[in-house]
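Chain residues, written in single-letter form:
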Amino acid sequence: MDMASITASSSHSPSRTRITQEPRWVRYTLITIALTFLALFLFVPLISVFYEALKKGVAVYIAAISDPDALAAIKLTLTATAIAVPLNLIFGVAAAWAITKFEFKGKNVLITLIDLPFSVSPVIAGLIFVLVFGMQGWLGPWLAEHDIRIIFAVPGIVLATLFITVPFIARELIPLMQAQGTEEELAAVTLGANGWQLFWRVTLPNIKWGLLYGVILCNARAMGEFGAVSVVSGHIRGSTNTLPLHVEILYNEYNFAAAFAVASLLALLALITLAIKTGIESKVSQQKGPNHEH
Amino acid sequence: MKLQTWFTVLFIITSLSIVGPARADKTLLNVSYDPTREFFQEFNVAFSKYWSANGGEKITIQQSHGGSGKQARSVIDGLAADVVTLALAGDIDAIAEHGKLLPENWQTRLPKNSSPYTSTIVFLVRKGNPKGIKDWHDLANGCVAVITPNPKTSGGARWNYLAAWEFGKHYFGETRVQEFVSDIYKNVPVLDSGARGSTTTFVERGIGDVLIAWENEAYLALKEYGNDKFEIIVPSVSVLAEPPVAIIDKVVDKKGTRVIAEAYLNYLYSEEAQHIAAKHYFRPSDETIAAQYAQQFTKVKLFKISDTFGNWKNIHQIHFSDGGIFDQIYLK
């Protein structure tokens, strides 16, 4: 119905559309600039990564990826992501819910704190953990006494990843939930819904696209994070090297084909994430369509 | 409803994937500096073979590489290294002093100042030596771009700096040496954090006219890129660089790896290891084996740090501490 009204109104007033339309040369220049930019800064590097990776043949490519150190790096990256993303999902939804649906003291402080990882350099983020958990730091000696390893071990890498990716989901949801307001929730409460029903039946369906988008951004950053992780990693091969760190090591060892092979893996992970996003999107909209018809 | 199942599935997958890595066999962590990557890759295989042939248990040797100073800092901050094999004694001194992880007299525990191999500092220039660089004083020439890492984080960079300083002391005299070294660093467009970073800057990114490099690093670059792209220039005088090795007592005693860590370091002095070192262009400390490779290394007048600069603590205090001479010349 909406679509019909829009097309109807535009066909009724052709003069208005002409006024808002730029001359042809402006449109083509803009399109050319956008496309050239995309080609130069997205497609060419992406293609060159795969080209360099496969330049020395598929055998070299497979050998580089199935190397035990590479496999360990893949596993570590996936582990860190699998912990960081769900935790940030819970935190992001909780924080966005609290900020947009309630009034409370210190709300601005919370919003500022969520933005902190965006404004702090990743290297500083890594150093924060070294200063807290390092042997010369506050908790280091106590941790060492109890044989607990945080930095230069997997927990440190997970912590650094978590810290860096905190804002992604919350930041995605807050403007969305603010725009939606609280009317639907109020209506549901009036009709006798409890908190849990409210969340699953009203709030979550409303925010799911924003949430999904936040999860995807968060996921991409978690897999690709370099700076903060580099500081807390200790660079132990086969143990505390994530994929981006492994790429750097291979590159520094003149092992360019392998470096690009692992880099192409990271690019592939990103493309898979995109594909999953598109897949879910179309699936849900298919389900949504008939439901609305009924 | 549908959404709820999605989230349930997500959480099940997540909780399944959080399974800690379980390693049964013993691990040994060697925290090393930048240019030893290829050497230790080969040495670790040799040692593992030797160790299991002599009835030792199965071991996994893990490697970590980076700028020597940075690596020492990580060990002080808690990186659980069983052994450190760093670029200079000063960095291991720092671990003893600030981390209290090994005794101060660590360097006397193994032969040859705990340095199983030595090296020196040479220049790598582009083929044909277009800028005509022959000796240290050519590096102070304003039209030459010099690549060297940051002495604050890199061990090799400190050897570079000290070698230049020693040359300047004799060539220009005590009073003008600081000015000379300062002139060299004015020609440095980028200070990488480790020796390997600088090599990549010079050979891969094509920045600079001359790389002040470890001898082994320079030969490795020649091997990787071919003689037709670069050549090595040996200066009139250079430094005898002694990269030392040590056990980190606090770590091995806690992990129960002292015996194997000691065997690991001792094996660096074995005939097999000395040959591997020479193969990777480190100068063997064993004289008879060194003699076999005499042709491989150019003869150059080498001075010892202990004869000219004293101990590393003083060197660090005067040159590389906050506000020290390096800060004065580089921040100027």
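Residues numbered from 1 in each chain as written. Chains lettered and ligands numbered in written order. Predicted model: local features only at pLDDT ≥ 70, side-chain atom pairs only at ≥ 80, totals over all residues. Heavy atoms only, no water.

**Focus: the overall build of chain A**
Turning to step 1, where the next piece is worked out: Within chain A, the secondary structure is distributed over 14 helices and zero strands.
Turning to step 2, where the next piece is worked out: Written out in order from the N terminus, the α and β elements of chain A read α-α-α-α-α-α-α-α-α-α-α-α-α-α.
Turning to step 3, where the next piece is worked out: Here chain A, with 294 residues, has 41% of them falling under the buried criterion.
Turning to step 4, where the next piece is worked out: Expressed as a percentage of contacts within chain A between residues at least 6 apart in sequence, the contacts between residues at least 24 apart total 71%.
Turning to step 5, where the next piece is worked out: With an accessible surface of roughly 16700 Å², chain A has 69% of that area assigned to carbon and sulfur atoms. (Helix = DSSP H or I, 4+ residues; strand = E, 2+ residues; numbered from the N terminus. Buried < 20%, exposed > 50% of the residue type's maximum accessible area, 1.4 Å probe, protein only. Contact = heavy atoms within 4.5 Å. Areas by Shrake-Rupley, 256 points an atom, 1.4 Å probe, with all protein chains shown as cover.)

**Looking at unusual backbone geometry**
All names here are of chain B.
Turning to step 1, where the next piece is worked out: In this model, Lys-112 sits at a positive phi of 55°, which is unusual for a non-glycine residue.
Turning to step 2, where the next piece is worked out: By the element assignment, Lys-112 lies in helix 5 (residues 111-114).
Turning to step 3, where the next piece is worked out: Given a relative accessible area of 40%, Lys-112 falls into the partly exposed group.
Turning to step 4, where the next piece is worked out: For Ser-114, which is not glycine, the phi torsion reads 60° and is therefore positive.
Turning to step 5, where the next piece is worked out: In this structure, Ser-114 sits in helix 5.

**A few points about the packing of helix 7 (residues 122-133) of chain A against helix 9 (residues 154-180) of chain A**
Residues and elements named next belong to chain A.
Turning to step 1, where the next piece is worked out: Where helix 7 contacts helix 9, the two axes come as close as 10 Å, and the packing angle between them is 135°. Looking at the two axes, helix 7 sits oblique to helix 9. Considering the relative orientation of helix 7 and helix 9, their crossing is right-handed. Here Pro-122, Ala-125, Ile-128, Phe-129 and Phe-133 of helix 7 lie close against helix 9, whose contacting residues are Leu-159, Ala-160, Phe-163 and Ile-164.
Turning to step 2, where the next piece is worked out: The class makeup of the residues in the contact of helix 7 with helix 9 is nine nonpolar, no polar and no charged. (Axes fitted to C-alpha atoms, helices over the stretch in contact; angles between N-to-C directions. Parallel < 35°, antiparallel > 145°, perpendicular 65-115°, else oblique. Left-handed = near helix turned anticlockwise from the far one by under 90°. Nonpolar A, V, L, I, M, F, W, Y, C, P; charged D, E, K, R; others polar.)

**Brief notes about the sheet that holds strand 10 (residues 245-247) of chain B**
Residues and elements named next belong to chain B.
Turning to step 1, where the next piece is worked out: Read across the sheet, four strands follow the order 2-1-3-10 without closing on themselves; strand pairing throughout is mixed. With one partner strand each, in any of the chains shown, strand 2 (59-65) and strand 10 form the two edges of the open sheet. Averaged over neighbouring strand pairs, the angle between their axes works out to 20° when direction is ignored.
Turning to step 2, where the next piece is worked out: Pairing geometry for strand 3 (residues 83-85) and strand 10, over three bridges, is antiparallel. Opposite Val-84, over in strand 10, you have Ala-246 as the bridge partner.
Turning to step 3, where the next piece is worked out: Taken strand by strand, helix 3 (residues 68-76) contacts strand 1 (26-32), strand 2 and strand 3, and its axis lies near 135° from that of strand 1. (Pairing = 2+ DSSP bridges.)

**Details of the interface of chain B and chain A**
Turning to step 1, where the next piece is worked out: Taken together, the 41 residues of chain B in the interface contact 37 residues of chain A.
Turning to step 2, where the next piece is worked out: Both faces combined, the contact of chain B with chain A buries some 3100 Å², and carbon together with sulfur accounts for 61% of it.
Turning to step 3, where the next piece is worked out: Here chain B and chain A share one salt bridge between them.
Turning to step 4, where the next piece is worked out: Our enumeration of links across chain B and chain A arrives at eight residue pairs in polar contact (both at pLDDT 80 or more).
Turning to step 5, where the next piece is worked out: The set of elements that each furnish at least two residues to the side of chain B that touches chain A consists of helix 1 (2-17), helix 2 (37-53), strand 2, helix 3, helix 4 (89-99), helix 8 (195-204), helix 9 (215-225) and helix 10 (249-255) of chain B.
Turning to step 6, where the next piece is worked out: With nine residues, helix 1 of chain B is the single largest residue contributor to the side of chain B that touches chain A.
Turning to step 7, where the next piece is worked out: Tallied by class, the residues present in the side of chain B that touches chain A amount to 16 nonpolar, 13 polar and twelve charged. (Buried area = accessible area lost by both parts, 1.4 Å probe. Salt bridge = Lys/Arg side-chain N within 4 Å of Asp/Glu carboxyl O. Polar contact = N/O pair within 3.5 Å; in protein donor to acceptor, adjacent residues only side chain to side chain.)

**Focus on the domain arrangement of chain B**
Residue and element names in this part refer to chain B.
Turning to step 1, where the next piece is worked out: Segmentation of chain B into domains returns domain 1 (26-116 + 242-292) and domain 2 (121-240 + 301-331).
Turning to step 2, where the next piece is worked out: With centres defined by C-alpha atoms, the gap from domain 1 to domain 2 works out at 25 Å.
Turning to step 3, where the next piece is worked out: Counting from both sides, the interface comprises 23 residues of domain 1 and, opposite them, 23 residues of domain 2.
Turning to step 4, where the next piece is worked out: Taking both partners together, domain 1 and domain 2 bury about 1800 Å²; carbon and sulfur atoms supply 57% of that area.
Turning to step 5, where the next piece is worked out: If you sort the residues of domain 1 by the area they bury against domain 2, Leu-88, Glu-242 and Tyr-281 come out on top, with a joint share of 33%.
Turning to step 6, where the next piece is worked out: Taken together, domain 1 and domain 2 are joined by three salt bridges. (Domains from an automatic or database assignment.)

**A few points about a nonpolar patch on the surface**
All names here are of chain A.
Turning to step 1, where the next piece is worked out: Together, Tyr-28, Ile-31, Leu-35, Leu-38, Leu-42, Phe-43, Ile-47 and Tyr-51 make up a nonpolar patch on the protein surface, roughly 860 Å² of accessible area in all.
Turning to step 2, where the next piece is worked out: Within the secondary structure, Tyr-28 is located in helix 3 (residues 24-54).
Turning to step 3, where the next piece is worked out: Judged by relative accessible area, which is 49%, Tyr-28 ranks as partly exposed. (Patch = residues over 30% accessible without salt bridge, like charges linked within 9 Å, V, L, I, M, F, W, Y side chains within 5 Å.)

**Side note on the confidence of the model for chain A**
Turning to step 1, where the next piece is worked out: Per-residue pLDDT for chain A averages 85, and the proportion of residues at 70 or more is 90%.
Turning to step 2, where the next piece is worked out: This stretch, residues 1-15 of chain A, has a pLDDT under 50; its non-local contacts, to residues over four places away or in other chains, come to zero contacts. (pLDDT = per-residue confidence, 0-100.)

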